[in-house]
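Overview (structure and organization)
One-letter residues, chain by chain:
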Amino acid sequence: MTLSYDDVVAKYEPVLGLEVHVELNTNSKMFCGCSTIFGAEPNTQTCPVCLALPGALPVVNEKAIESTIKIGLALNCSIAPFSRFARKNYFYPDMPKNFQISQYDEPICVDGYVDVEIETDEGPKTFRVEVERVHMEEDTGKSLHVGGATGRIHGAEYSLLDYNRAGIPLVEIVTKIVPGTGKYAPEVAKAYVAELRDILRSLGVSDVKMEQGSLRCDANVSLRLIGAEKLGTRSETKNVNSLRSVERAIRGEMIRHAELLNAGGRVVQETRHFQEDTGLTRSGRSKEQAEDYRYFPEPDLVPVAPDAAWIETLRAALPERSSIRRKRLQEAWAVPDKEMAAMINADVLDIVEATVLLGADPTKSRTWWLGEISRIANDKDVALADLSITPADVAEIVALVNAGELTDKLARQVVEGVIAGEGKPSEVVAKRGIKVVNDDGALMAAIEKVCAEQAETAEKVRNGHLPAAGALIGAVMKETKGQADAARVRELLLGHLGQATN
Amino acid sequence: MRELIRLTPMTSLSRDDVAKLAGLARIEMSDEELVNMANEFTVILDAVARVQEVAGADVQPTSHPLPLRNIFRPDVVVPSLTPEEALSGAPAQEEQRFRVPQILGEE
Amino acid sequence: MIRNNASEMAAKLAAGEITSVALTQAHLDRIAAVDTDVHAFLHIDTEGALAQAAAVDAKRAKGAKLSPLAGVPLALKDVMAQKGIPTTCGSKILEGWRPPYDSTVVANLKKNDIVILGKTNMDEFAMGSSTENSAYGPTHNPWDLTRIPGGSGGGSSAALAAFEAPLAIGTDTGGSIRQPAAVTGTVGVKPTYGGVSRYGLVAFSSSLDQAGPCARTVLDAALLHEAIAGHDPKDATSINAPVPQVVNAAKSGDVKGMKIGVVKELNGDGYQAGVRARFEESLELLAKAGAEIVEVSAPNFEYALAAYYLIAPSECSSNLARFDAMRYGLRVGDVDGASAESVMNLTREVGFGKEVKRRIILGTYALSSGYYDAYYGSAQKVRTLITQDFTKAFEKADVLVSPTCPTTAFKIGEKANDPLAMYLNDIATIPVNMAGIGGMSLPSGLADEDGLPVGFQIMSPVMKDDRMYSVGATLEAALLSKWGAPLLDKAPIMGGVR
Ligand SMILES: [Mg+2]
Ligand SMILES: [Zn+2]
């Protein structure tokens, strides 16, 4: 029996909890000077400290602390005047020390919130997601499982370990439980992660690439009967590495829980793994026997006690909050809601703003980036930012169009040229010999030629059947290799055939 | 905060208690070892439990002998070991990675 | 030549009377002659030592300005990482491991052109007071080969007493430099915590471990102290301040007008009569030299041992988790189908000795959920109380003194099955580590009842290490003039060299 989502939310209230791990984009690791560049050859970015060789000691990366404080401030947290690192003890081969340096009861940032807006049946609605803590820790190495199916741990004969990632600074952002989202739980979760990603990006503290694992989300979900006080048992879904997956995973877990509960079963508190292909989760290790992590203060490190002056300096340098910025830009550019949403979705806000700041009209900037250029990026399957066209190029093209030196159609050729690496827009124009035909005499010659060739159509227009003019204009444009201004052609053509143009 | 705070801890451990601790500490132990250690612990725990006699709520714990704060390093990359050096002590290796027996448990 | 002190050797090297190669070879010969009996060394780096010696001689021949101890040989406790040289910590689990890096202490030794002869024996991972817990067999006390040389740094102290090396490096978590010094008639110093870098010192208990100099005289210890001390950015707990002027203090310090506090609780019951007699005698000599002897009380010291045996095991249970057969060291049970978990379990069963396992289990318990506050938490509170006791005592006295340990060297095997009796050895040394202050042990004579060496402990406040050198040098001089010859002259002749 498969329940529909509507059946689930008619009976149960979901309660969310989200843990997001963010890899900071520091140059060096959290506790040693090894590089953090993604994708290096295995074990080339390791040292005595991050391999946990006997005798090696950690020393805290100052930039990582700064980034964490910035994140805390951006999430409206209080910054603890005194915080400490702790050891979280458990054995796992990808964790060289067999303890993780993390924070326990004394995190750097506590008690913040993030407001997210989603579209509901009653229009846009804001949900507040409360942040319990933001703390620092370190990433683990990566294991490659050999011998089993599809590189999975189960059935593998042995594993190969690469510790390049071990010790990369991680910030863990933990929400309080989020009740009251009702059927919108999956959307709220997705919007929260998206908002977090935007904030982190604007802070410049992380690459926030979910597909590379620099932003990872664990989603905790439980259900309780609507109106009930007591929380249900939660499951913890890991491996949720895209925004779409956050939504799918939570929806899927809600349905799975409801089916269990409806059948008189119970939800097991466990870790589950999200599977991208099916959109379902698979059971991981059961947490019936809770790990005893034996936390204690890390004796190799001394406490972090940021003074008020340091915190205020960091606060003063915070970028504008992304929700406020969006409102500001939407107003300034007079963008309809739908278009604004499209821009946010396509992640073109920064690039459009840069183009506008270079003097281009907001609407035209938006149209270029969201339309033609996005289409080309899609065709090539690359990110917008990886195309060799810049906001300056687009601003130049818009200016050329405004000056009448390019038609929209010609401008598209210029865009293509720039992306093909033929140079700046002016260079493309020169190399390709693109120019608007402004010479009325030349246009008239083409019009006369076309009217002679298509005498029947010309006659229709002359008799007042204006829609027929389109075919003639098209032919003239073809005749002039697209370099004519279509509006001017229309004007001249209609005049030639004795029709007023206004 | 920790749960299950017991102000008077057990000053003896059973064989099974020691077995559980050995599991957490990842040390295989024979039955004989477990029993012996449990017996020794009765004496040792009795002696160390004395710390509670003076550890009142008004006393701050000291986790570090010196009152140092905010010791950081600049975010600067320094050369890593070569992979040969990194793997020089490895009991087994393959494809420039540490080769380890199959890992059970969580993915 | 090997019976000289390090400073005398250094003077002869500087004057061109001997070469470092000859001096190093003489020590290697001595090791070859006596170490089968003493077993102070786990690894002898003949080639490396001679190469280093030749390099110093070449530098000196070129007229380069060299550090005070350049060319003098040294024995390194096997708990210090030295690049390319086996580093076992006295444990099977690290058998064959050669670090790809130098500890900061080793880097400093090399920078000062001090010649490293090899690695010395120790209780496994520095857990013990007799060196009987070494996986490679015990070290024997040169004064009586049937007795222990102290621990955990018994190899380093025995090497000094047997004239196998004039200098040695030790580490002291609860007394592992001072107690071996006491029972072998040598000098050992635990500097202020953070005074010498811990980078590359294989951790036993991070908040207590401290490396320091071992030698046959106070001045030699001071020279070595200055060579290895100083701020290290690789150790976040390292103190960023100038090294105390310990060489000056050892050379010209005196005790006139100094207040020396006798810690009431570190004497009396449980202390051997001969130990107490030598202690009283030393106090008289210090008083005669112009010091004022006062009594101080440290009521919480009686809890120090209990707190220590919670804090150190707790930290070690975590520090030693890295020995898991995955990246280096021993691997046991890696058969077809074995899991990483079972290989870890089996390797740690075979690779760790009994005392190490005992402390790991004790620490695992003390940190576990439900017991943390009662054990580890309470122990950390006791630590606060002990530190407060020291603070108050140092308001009344410039340094504090006590016997280094309650008894002289006991027989090998005597306390092997009684962990608590063994732990009592460190009763007078442990409070120093708990508070992170400095401590020194120097020989104060032989106990009448057994003719074995007795140690005198001096304790100084954080980063006032120079004070204990002033007091130590003064007492040493007074004792020397009383005895007419160094105490070690009374040690049995070994290997036919006198
Ligand atoms: Mg975490
Ligand atoms: Zn590293």
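The preceding data block contains the structure.
Topic: the interface of chain C and chain B
Counting residues at the interface gives 67 residues for chain C and 62 residues for chain B. Between chain C and chain B, a total of about 5400 Å² is buried, with carbon and sulfur atoms accounting for 67% of that surface. On inspection of chain C and its partner chain B, the count reaches 6 salt bridges. The closest approach of N and O atoms between B:E33 and C:K357, which form a salt bridge, is 3.3 Å. Listing elements by their share of the side of chain C that touches chain B, those giving two or more residues are α10 (304-319), α11 (340-351), α12 (354-367), α13 (373-396), α14 (419-423) and α15 (430-435) of chain C. For the side of chain C that touches chain B, a count of residues per class yields 36 nonpolar, 16 polar and 15 charged.

Overview of the coordination of the zinc ion (ligand 2)
All names here are of chain A. Distances from the zinc ion (ligand 2) to its protein donors, C32 (SG), C34 (SG), C47 (SG) and C50 (SG), fall at 2.3 to 2.4 Å. For the zinc ion (ligand 2), the 4 donor atoms are set out with angles of 100 to 116° between them, so the coordination reads as tetrahedral. Read from N- to C-terminus, the donor residues coordinating the zinc ion (ligand 2) fall into the pattern C-x1-C-x12-C-x2-C. On the criterion of sequence distance, the pair formed by C32 in the loop between β1 (12-23) and β2 (60-61) and C50 in the loop between β1 and β2 is long-range, its members being 18 residues apart. Accessibility assignment for this pair places C32 and C50 in one class, buried.

Digging into the side chain of C:T192
All names here are of chain C. The residue T192 is located in the loop between β5 (187-190) and β6 (211-215) in this model. Overall, the relative accessible area of 0% leaves T192 in the buried class. A polar atom in the side chain of T192 sits 2.8 Å from the backbone nitrogen of M463. In terms of polar contacts, T192 uses its side chain to reach the side chain of D465, at 2.6 Å. Excluding anything up to four places from it in sequence, T192 contacts Q210, I239, G436, I437, G438, P461, V462, M463, K464 and D465.

Topic: helix α2 (residues 20-38) of chain C
Residues and elements named next belong to chain C. Of all the bends in α2, the greatest, near 40°, is centred on A32. By the burial criterion, the buried members of α2 are S20, L23, T24, A26, H27, L28, R30, I31, V34, D35 and V38. Close packing links the buried residues of α2 with α1 (6-14), β1 (41-44), α3 (46-61), β2 (73-77), β3 (115-120) and α5 (154-161).

Here's the deal with the packing of aromatic side chains
Considering all chains together, one arrives at 20 aromatic pairs over all chains under this definition. Ring centres of C:F125 and C:F323 lie 4.9 Å apart, and the angle between their planes is 45°; this geometry places the pair in the tilted category. Of the two residues, C:F125 is situated in the loop between β3 and α5 and C:F323 in the loop between α10 and α11; the sequence distance between them amounts to 198 residues. As far as burial versus exposure is concerned, C:F125 and C:F323 are alike and both buried. With centroids separated by 6.2 Å and ring planes inclined at 75°, the aromatic side chains of C:F323 and C:Y328 adopt a geometry described as edge-to-face. Residues C:F323 and C:Y328 agree in their burial class; the two are buried. Grouped by ring-pair contacts, the aromatic residues C:W97, C:F125, C:F323, C:Y328 and C:F352 constitute a single cluster. The cationic tip of A:R251 hangs over the ring face of A:Y5; the distance from NZ or CZ to the ring centre is 4.6 Å. The cationic tip of C:R3 hangs over the ring face of C:F163; the distance from NZ or CZ to the ring centre is 4.0 Å.

Examining the coordination of the magnesium ion (ligand 1)
Note on metal sites: the ideal angle is 109.5 degrees for four tetrahedral donors, and 90 or 180 degrees for six octahedral donors. Residues and elements named next belong to chain A. At 2.0 to 2.6 Å from the magnesium ion (ligand 1) lie its protein donor atoms, namely E137 (OE), E137 (OE) and E172 (OE). In this pair, E137 sits in strand β7 (residues 123-138) while E172 sits in strand β10 (residues 169-175), placing the two residues 35 residues apart along the sequence. Both residues of the pair, E137 and E172, count as buried.

Some words on the interface of chain A and chain C
The figure often quoted for interface size is the accessible area lost as the parts come together. Contacts between the two partners involve 29 residues from chain A and, on the opposite side, 37 residues from chain C. In this assembly, chain A packs against chain C so that about 2600 Å² is buried in total across both faces, 61% of it on carbon and sulfur atoms. When residues of chain A are sorted by the area they lose upon contact with chain C, A:P54, A:L57 and A:R294 head the list and together hold 23% of the total. Linking chain A to chain C there are 1 salt bridge. Note that A:D300 and C:R198 form a salt bridge whose closest N and O atoms lie 3.0 Å from each other. Here chain A is connected to chain C by 17 residue pairs in polar contact (both at pLDDT 80 or more).

Re the pattern of salt bridges
All names here are of chain A. Within the structure shown, the criterion is met by 67 salt bridges over all chains. Linking R325 and D350 is a salt bridge whose minimum nitrogen-to-oxygen distance equals 2.7 Å. Of the two residues, R325 is situated in helix α6 (residues 322-333) and D350 in helix α8 (residues 349-357); the sequence distance between them amounts to 25 residues. Classification of D350 as partly exposed rests on a relative accessible area of 46%. For K449, the salt bridge is made with E479, and the minimal N-O distance between the two is 2.8 Å.

Side note on the nonpolar core
Core analysis: the largest hydrophobic core is formed by 241 residues, its most contacted members being A:Y192, C:F125 and C:Y469. Top contributing element to this core by residue count: helix α3 (residues 185-203) of chain A, with 11 residues. Grouped together as the second largest cluster of nonpolar side chains are 36 residues, A:M340, A:A360, A:I373 and A:V401 included.

Digging into the pairing of β5(C)
Residues and elements named next belong to chain C. Side chains V187 and V189 project from β5 onto one buried face, and the interleaved G188 and K190 project onto a second face that is buried too. Two elements, β5 and β6, share 2 bridges in a ladder whose sense is antiparallel. Bridge pairing in β6 links G188 to C214. Where β5 meets strand β10 (residues 438-446), 3 bridges bridge the pair, whose relative direction is antiparallel. Directly across from K190, in β10, lies its bridge partner G439.

Procedures and definitions
- Residues numbered from 1 in each chain as written.
- Chains lettered and ligands numbered in written order.
- Predicted model: local features only at pLDDT ≥ 70, side-chain atom pairs only at ≥ 80, totals over all residues.
- Heavy atoms only, no water.
- Contact = heavy atoms within 4.5 Å.
- Buried area = accessible area lost by both parts, 1.4 Å probe.
- Salt bridge = Lys/Arg side-chain N within 4 Å of Asp/Glu carboxyl O.
- Helix = DSSP H or I, 4+ residues; strand = E, 2+ residues; numbered from the N terminus.
- Nonpolar A, V, L, I, M, F, W, Y, C, P; charged D, E, K, R; others polar.
- Donors = N, O, S within 2.8 Å, 3.2 Å for Na, K, Ca; no water.
- Tetrahedral: all angles 85-135°; square planar, octahedral: opposite > 155°, others 65-115°.
- Buried < 20%, exposed > 50% of the residue type's maximum accessible area, 1.4 Å probe, protein only.
- Polar contact = N/O pair within 3.5 Å; in protein donor to acceptor, adjacent residues only side chain to side chain.
- Bend = angle between axes of the 7 residues up to and from the residue.
- Phe/Tyr/Trp six-rings, centres within 6.5 Å; stacked < 30°, edge-to-face > 60°.
- Lys NZ or Arg CZ within 6 Å of the ring centre and 35° of its normal.
- Core = buried A, V, L, I, M, F, W, Y, C linked by side-chain atoms within 4.5 Å.
- Pairing = 2+ DSSP bridges.

Distances and angles like these do not, on their own, reveal function.
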